Amino acid sequence: MSETRANTLSMPNMALELMAGTGPDANLDFSSLAALFVGAETVRPHSLRSFFDVFASSGLRSNALARGYGLAESTLLVCGSNDAIEHEGRVSYGTVADIDLQIVDPETRTPCAESTVGEIWLNSPCNASGYWQKGELSESTFRNQLHGTDKEYLRTGDLGYIHSGNLFVVGRLKDLIIVNGTNFYPEDIENLVNALPGIRKNCTVAFSIDGTEGESLVVICEAKNQHSVPDLSNVRRMVRKTFPIPISEIGVLAPRTLPKTTSGKLRRSEAKRLWETGALTFIAKIDSKAEIAESSNPLVSEYAYLFQYFDRKAPQKSLSELGVASLDIARLAHAVELQFKHTPHERIDLIRYYALSLPECQQLLGGPSTGLVVFVKLTQSNQDSAAGTVK
């Protein structure tokens, strides 16, 4: 961008956090940037402020940071804004023009009152007519009517509300867990936990929470016997081996305490609400903060969800061959740079880290005492590449 003098960029919120976490870069020049659209996932006010604080010295203007809300079913963009309007810890996505946007109670199909959370419905000339060769899904998604009306709306599956004319997006109506752009289904995680010793069958809920480091997983389950607590370390280990998701907390409740419907179905949204308000009484729990604090190598513990998941595949393969997410590799690279900040070296191209194996990453996270040989190899590869000897 500094070379091409681009005036428009777009990126997800996680990219803001990643760049802000690396600190100022004297080689970056944002002065040509007129608009930086942030979207694709929940935009956090803290992320916007941190990004601006770090790169204001690089010519970034505060009014260049814009949020965009949209979806493919409505030809991508619904609305956007660069106004710094916040409400209850959320940032506005702007006002809606030339589109009939309704906040709807999905159960009654009636519009919600001002500042009341509901599902976002759209009637717009930009709406698609449906999904290709999926008639039933198209009918349920694109042809919905408010109670007592004939106008057809697109159900977005997103939750939000209107406050003072501005749209605020809260989250997803569906329980899909999205971490680093990858979709995970709560039922898959719950089924795994339900099969472990000491867990009461079909009494587990899994959901994601939105923290300062992005989305992470919370698992709440019931014990078979209140006086016999399941091995939570084993639960955490098995989840990590199966799903490459950061785990925030795993908690165990007494039998018959998870919220359910009258027909016996688990109420994930209600369980999440109770967890967020601290209304659940756990008989045991473990969380990532305690694990990291007690570890002899906190950085290795912080990335344990990666090491334990990919180690079961082929630990000697490179991160690229294993399919480790680019965001995770970038975070690992930044952690390694901090560990070796007192070791003289030129900046290492991110692409060099893709060739590392998991054991090499663990050695690097231990700092010079365990990873100096690997670090020297990494810097040499970078130098060779710069000289044109490595392709």
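Scroll up to find the structure this text is about.
Just so you know, these numbers come straight off a predicted model, no measurement behind them.

Criteria and cut-off values
- Residues numbered from 1 in each chain as written.
- Predicted model: local features only at pLDDT ≥ 70, side-chain atom pairs only at ≥ 80, totals over all residues.
- Heavy atoms only, no water.
- Helix = DSSP H or I, 4+ residues; strand = E, 2+ residues; numbered from the N terminus.
- Rg over C-alpha atoms; globule rule 2.2 N^0.38 Å.
- Buried < 20%, exposed > 50% of the residue type's maximum accessible area, 1.4 Å probe, protein only.
- Contact = heavy atoms within 4.5 Å.
- Areas by Shrake-Rupley, 256 points an atom, 1.4 Å probe, with all protein chains shown as cover.
- Lys, Arg positive; Asp, Glu negative; His and termini not counted.
- Charge placed at Lys NZ, Arg CZ, Asp CG, Glu CD.
- Salt bridge = Lys/Arg side-chain N within 4 Å of Asp/Glu carboxyl O.
- Pairing = 2+ DSSP bridges.
- Axes fitted to C-alpha atoms, helices over the stretch in contact; angles between N-to-C directions.
- 1 Å grid on protein atoms, 1.4 Å probe; cavity = no way out; pocket = protein on both sides within 12 Å on 5 of 7 lines; lining within 4 Å.
- Points joined across faces, edges and corners; volume = space filled by probe spheres on them.
- Nonpolar A, V, L, I, M, F, W, Y, C, P; charged D, E, K, R; others polar.
- Core = buried A, V, L, I, M, F, W, Y, C linked by side-chain atoms within 4.5 Å.
- Parallel < 35°, antiparallel > 145°, perpendicular 65-115°, else oblique.
- Left-handed = near helix turned anticlockwise from the far one by under 90°.

Colleague: Could you give an account of the overall build of the protein, with specific residues and numbers?
Modeller: Within the protein, the regular secondary structure consists of 13 helices and 18 strands. Here the C-alpha atoms of the protein give a radius of gyration of 24 Å, agreeing with the 21 Å that 2.2 N^0.38 yields for 391 residues. Taking the principal axes of the C-alpha coordinates as reference, the protein spans close to 70 × 65 × 40 Å. Across the 391 residues in the protein, those meeting the buried criterion constitute 43%. In the protein, once contacts between residues fewer than 6 apart in sequence are set aside, the share between residues at least 24 apart is 66%. A total accessible area of about 20100 Å² is found for the protein, and carbon and sulfur atoms account for 51% of it. One finds the centroid of the 38 positive side-chain charges in the protein at a distance of 6 Å from the centroid of its 45 negative side-chain charges.

Colleague: Report on the pattern of salt bridges, specifying residues and quantitative values.
Modeller: Here the idea is simple: oppositely charged side chains can pair when their charged atoms come close. Inspection of the entire model under this criterion finds 12 salt bridges. For the salt bridge of Asp210 with Arg44, the shortest nitrogen-to-oxygen distance reads 2.3 Å. Taken together, the residues Asp210 in strand β15 (residues 199–211) and Arg44 in the loop between β2 (35–39) and α2 (45–55) connect sequence positions 166 residues apart. A relative accessible area of 40% means that Asp210 is categorised as partly exposed. We note a salt bridge from Lys285 to Glu249, for which the minimum N-O separation is 3.9 Å. Highlighted residues: Lys285 in strand β18 (residues 284–287) and Glu249 in strand β17 (residues 247–253), separated in sequence by 36 residues. The exposure class assigned to Glu249 is buried, which follows from its relative accessible area of 9%.

Colleague: Any details on the sheet that holds strand β3 (residues 65–69)? Residues and values, ideally.
Modeller: Spatial ordering of the open sheet is given by β1-β2-β3-β4, a layout of four strands whose pairing is mixed. At either margin of the open sheet sits one strand with a lone partner, and together these are β1 (8–12) and β4 (79–81). Here the average twist between neighbouring strands, direction ignored, is 25 degrees. Sheet topology places β2 next to β3; three bridges connect them, and they run parallel. The residue of β3 that forms the bridge with Leu36 is Leu65. Contacting β1 and β2, helix α1 (residues 13–22) crosses the sheet at an angle of about 95 degrees to β1. Here α2 sits on the sheet and contacts β2 and β3; the angle it forms with β3, its principal contact strand, is near 150 degrees.

Colleague: I'd like to hear about unusual backbone geometry, residue by residue, with values.
Modeller: Positive phi, normally seen in glycine, also occurs at Ser115, with a value near 70 degrees. Relative to the helices and strands, Ser115 resides in the loop between β8 (110–111) and β9 (118–123). Unusually for a residue other than glycine, Arg256 sits at a positive phi of about 60 degrees. Judged by relative accessible area, which is 64%, Arg256 ranks as exposed.

Colleague: Got a sec to walk through the layout of surface pockets? Specific residues and values, please.
Modeller: The computed volume of the second largest pocket comes to approximately 1200 Å³. In this structure, the second largest pocket is lined by 33 residues; those nearest its centre are Leu159, Val170, Gly171, Arg172 and Lys272. At the level of elements, α2, β6 (90–91), β12 (166–172), β15 and α6 (268–276) are the ones that each hand at least two residues to the lining of the second largest pocket. The residue makeup of the lining of the second largest pocket, split by class, is 15 nonpolar, six polar and 12 charged.

Colleague: Go over empty space enclosed by the protein, please, and point to the residues and values.
Modeller: Once rolled over the atoms, a probe with the size of a water molecule shows which space is left empty. One pass over the full model with this rule turns up one cavity of 30 Å³ or more. Considered as a void within the structure, the largest cavity measures approximately 30 Å³ in volume. Lining the largest cavity we find Leu319, Ile329, Leu332, Val336, Tyr353, Leu356, Cys361 and Leu364. Secondary-structure elements contributing two or more residues to the lining of the largest cavity are α11 (326–339) and α12 (358–365). By residue number, the principal contributor to the lining of the largest cavity is α11, which donates three residues. Along the lines of polarity and charge, the residues of the lining of the largest cavity split into eight nonpolar, no polar and no charged.

Colleague: Could you give an account of the nonpolar core, with specific residues and numbers?
Modeller: Counting 30 residues, the largest nonpolar core has Leu36, Phe51, Tyr69, Val78, Ile120, Leu122 and Leu167 as the members making the most contacts within it. By residue number, the principal contributor to this core is α2, which donates four residues. Residues contacting Val78, with those up to four places away along its chain left out, are Tyr69, Gly70, Leu71, Ile99, Leu101 and Leu122. Judged by nonpolar contacts, the second largest core, of 25 residues, contains Tyr303, Val336, Ile348 and Leu356.

Colleague: Lay out the packing of α1 against α2 with the relevant residues and their values.
Modeller: Look at α1 against α2: their axes get within 9 Å of each other, and the N-to-C directions meet at 40 degrees. In terms of axis orientation, α1 runs oblique to α2. Relative to α2, α1 is oriented so that their crossing is left-handed. From α1, Asn13, Leu16, Glu17, Met19 and Ala20 reach across to α2, where they touch Ser47, Leu48, Ser50, Phe51, Val54 and Phe55.

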